[in-house]
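Listed below, chain by chain, are the residues.
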Amino acid sequence: MQEVKKTAMITIAGRPNVGKSTLTNALVGEKIAIVSPKPQTTRNRICGVMNKGDTQFIFLDTPGLHKARTRLGDYMVKVVRESVADVDGVCLLVEPVANIGAPEQALIDRIREEKLPAVLVINKIDTVEKDALLSVMAVYSAAYDFDAIIPISAQEQDGLDVLLEQLSKYAAEGPQLFPDGMTTDQPERQIVAEIVREKLLRNLDKEVPHGTAIEVTKFSERDSGVIDLHVTVYCEKASHKGIIIGKNGAMMKKISTHAREDIERFMGAKVYLETWVKVKENWRDNLNYVRSFGYDEQ
């Protein structure tokens, strides 16, 4: 008798910097979404795939819901709204704080509007005493009738089995959407660009890394198996270009070295990486530039 297959498409939503990408990576078991301590690290919806038993879980890691101040911000907010629709369930990821902020309230309203099954996932429980969780649970329980409230630490991978058990209840019978062994729908070029952007976020301060976009202009493989990559980093101001390059090119060299190491791990091959930095004034507010860098609203 043929085994019955199921799929569960789950959106992971929340405010910026709450740990959505860390949770996605932990569930998938592989780094498919970039992570940094800075808010708005994720710009696109990222799809992570994990097979467990007869069920294929598809996790949609979304940008953090925030008040948009640029065309790029508008795009990111739109991605979040559209991701909380036409899915089998939603994980509302929150920090262990007994207060519902505007982003959480907006997402609860969206879940209610779409009539979606939802789980409240309280992340970062390793940072608070157990007693503090009770007041968080009480505040959110009063705001919405979640199917379950599950405390986790994505960083420590604590509580993920309980979360998966709950999410498996949302799985529906049907063909698997991704082949075995596939962990993301992102093209390799996009993952490479995101890895470079992660290193910019980790090494640069203030507004500089948020104003960067990455273009992979060459992606080819030699007969020897070495991968040649040419990557251009775009920034919004000439002063930012100097900061990114650093004294005698030291900062860009550091960023490139860290990026190459991660790309080699991801590709399983030796990588030759060349990087350039160019200025595109205020590109985040130029719809044509926003679209050309892959943040397309269509």
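Anything mentioned here points back to the structure above.
Residues numbered from 1 in each chain as written. Predicted model: local features only at pLDDT ≥ 70, side-chain atom pairs only at ≥ 80, totals over all residues. Heavy atoms only, no water.

Novice: Can you walk me through the overall build of the chain in this structure?
Specialist: Looking only at helices and strands, the chain has nine helices and 10 strands in total. Projecting the C-alpha coordinates of the chain onto the three principal axes gives extents of approximately 55 × 50 × 40 Å. In the chain, 71% of the contacts between residues at least 6 apart in sequence involve partners at least 24 apart. Side chains of the chain give 39 positive and 43 negative charges; the mean places of these two sets differ by 7 Å. (Helix = DSSP H or I, 4+ residues; strand = E, 2+ residues; numbered from the N terminus. Contact = heavy atoms within 4.5 Å. Lys, Arg positive; Asp, Glu negative; His and termini not counted. Charge placed at Lys NZ, Arg CZ, Asp CG, Glu CD.)

Novice: So what exactly am I meant to see when it comes to the nonpolar core here?
Specialist: Most often, soluble globular proteins keep nonpolar side chains buried together rather than apart. Grouped together as the largest cluster of nonpolar side chains are 28 residues, with contacts concentrated most on Leu-23, Phe-59, Val-119, Ile-152, Leu-163 and Leu-167. Only strand E1 (6–13), helix H1 (20–28), strand E2 (46–52), strand E3 (55–61), strand E4 (89–94), strand E5 (118–122), strand E6 (148–151) and helix H5 (160–167) provide two or more residues apiece to this core. In this structure, Val-119 is in contact with Val-90, Cys-91, Leu-92, Phe-146, Ala-148, Ile-150, Leu-163, Gln-166, Leu-167 and Tyr-170, ignoring residues within four places of it in sequence. With 27 residues, the next largest nonpolar core counts Ile-58, Val-90, Ile-111 and Tyr-144 among its residues. (Core = buried A, V, L, I, M, F, W, Y, C linked by side-chain atoms within 4.5 Å. Buried < 20%, exposed > 50% of the residue type's maximum accessible area, 1.4 Å probe, protein only.)

Novice: I keep staring at the packing of aromatic side chains and nothing clicks. Help me out?
Specialist: Given two aromatic rings, their pairing is described by the distance between the two centres and the angle made by the two planes. Summed over the entire model, instances satisfying the criterion amount to six aromatic pairs. Seen from their ring centres, Tyr-144 and Phe-146 are 5.0 Å apart, and the 70° between their planes marks the pair as edge-to-face. By the burial criterion, Tyr-144 is buried, and Phe-146 matches it. A network of ring pairs unites the aromatic residues Tyr-75, Tyr-234, Trp-283, Phe-293 and Tyr-295 as a single cluster. The ring of Tyr-272 has Arg-222 sitting right over it, with the charged end atom 5.7 Å from the ring centre. Directly above the aromatic system of Tyr-234 lies the positively charged group of Lys-280, at a separation of 4.6 Å from the ring centroid. (Phe/Tyr/Trp six-rings, centres within 6.5 Å; stacked < 30°, edge-to-face > 60°. Lys NZ or Arg CZ within 6 Å of the ring centre and 35° of its normal.)

Novice: I'm lost on the packing of helix H7 (residues 238–245) against helix H8 (residues 250–267) in this one. Help?
Specialist: Axis angle and axis distance: for two packed helices, these are the angle between their axes and the distance between the axes, and together they describe the pair. For the pair H7 and H8, the least separation of the axes is 5 Å and the interaxial angle reads 65°. Counted together, Ile-243, Ile-244 and Ile-245 of H7 and Ala-250, Met-251, Met-252 and Ile-255 of H8 form the full contact between these two elements. Of the residues in the contact of H7 with H8, the class split is seven nonpolar, no polar and no charged. (Axes fitted to C-alpha atoms, helices over the stretch in contact; angles between N-to-C directions. Nonpolar A, V, L, I, M, F, W, Y, C, P; charged D, E, K, R; others polar.)

Novice: Is there a simple way to explain the sheet that holds strand E10 (residues 271–279) in this structure?
Specialist: Each strand in a sheet pairs with another by means of backbone hydrogen bonds, the pair being arranged parallel or else antiparallel. In space, the three strands of this open sheet follow the order E8-E9-E10, with mixed pairing throughout. Edge positions in the sheet fall to strand E8 (213–221) and E10, since each has one partner strand and no second. Ignoring which end each strand starts from, the neighbouring axes of this sheet average 15° apart. Taken strand by strand, helix H6 (residues 188–203) contacts E8 and strand E9 (227–235), and its axis lies near 130° from that of E8. The strands that H8 touches are E8, E9 and E10; relative to E10, the one it contacts most, it runs at about 135°. (Pairing = 2+ DSSP bridges.)

Novice: Could you clarify how one ought to interpret helix H2 (residues 71–83) in this entry?
Specialist: Since there are 3.6 residues in each turn of an α-helix, residues three or four apart along the chain are aligned in direction. In this model, H2 (13 residues) spans 19 Å end to end at C-alpha, consistent with the 18 Å of a helix rising 1.5 Å per residue. Every buried residue of H2 is listed here: Leu-72, Gly-73, Tyr-75, Met-76, Val-77, Val-79, Val-80 and Ser-83. Buried positions along H2 lie against E1, helix H3 (102–114) and helix H9 (287–292). (Expected span 1.5 Å × (residues − 1).)

Novice: Help me understand H6, please; the structure alone is not making it clear to me.
Specialist: For H6, which comprises 16 residues, the first-to-last C-alpha distance of 23 Å matches the rise-based estimate of 22 Å (1.5 Å per residue) to within 8%. Burial analysis of H6 places 12 of its 16 residues in the buried class, the great majority of the element. Listed as buried for H6 are Ile-191, Val-192, Ala-193, Glu-194, Ile-195, Val-196, Arg-197, Glu-198, Lys-199, Leu-200, Leu-201 and Asn-203. Next to the buried residues of H6 lie E8, E9, H7 and H8.

Novice: Can you help me understand the packing of H1 against H5 in this one?
Specialist: Following both chains from N to C, one finds H1 and H5 inclined at 85°, their axes separated by 11 Å at the closest point. Classed by the angle they form, the pair H1 and H5 counts as roughly perpendicular. The segment H1 lies against H5, with Leu-23, Ala-26 and Leu-27 engaging Leu-160, Leu-163 and Leu-164. Residue classes in the contact of H1 with H5 are distributed as six nonpolar, no polar and no charged. (Parallel < 35°, antiparallel > 145°, perpendicular 65-115°, else oblique.)

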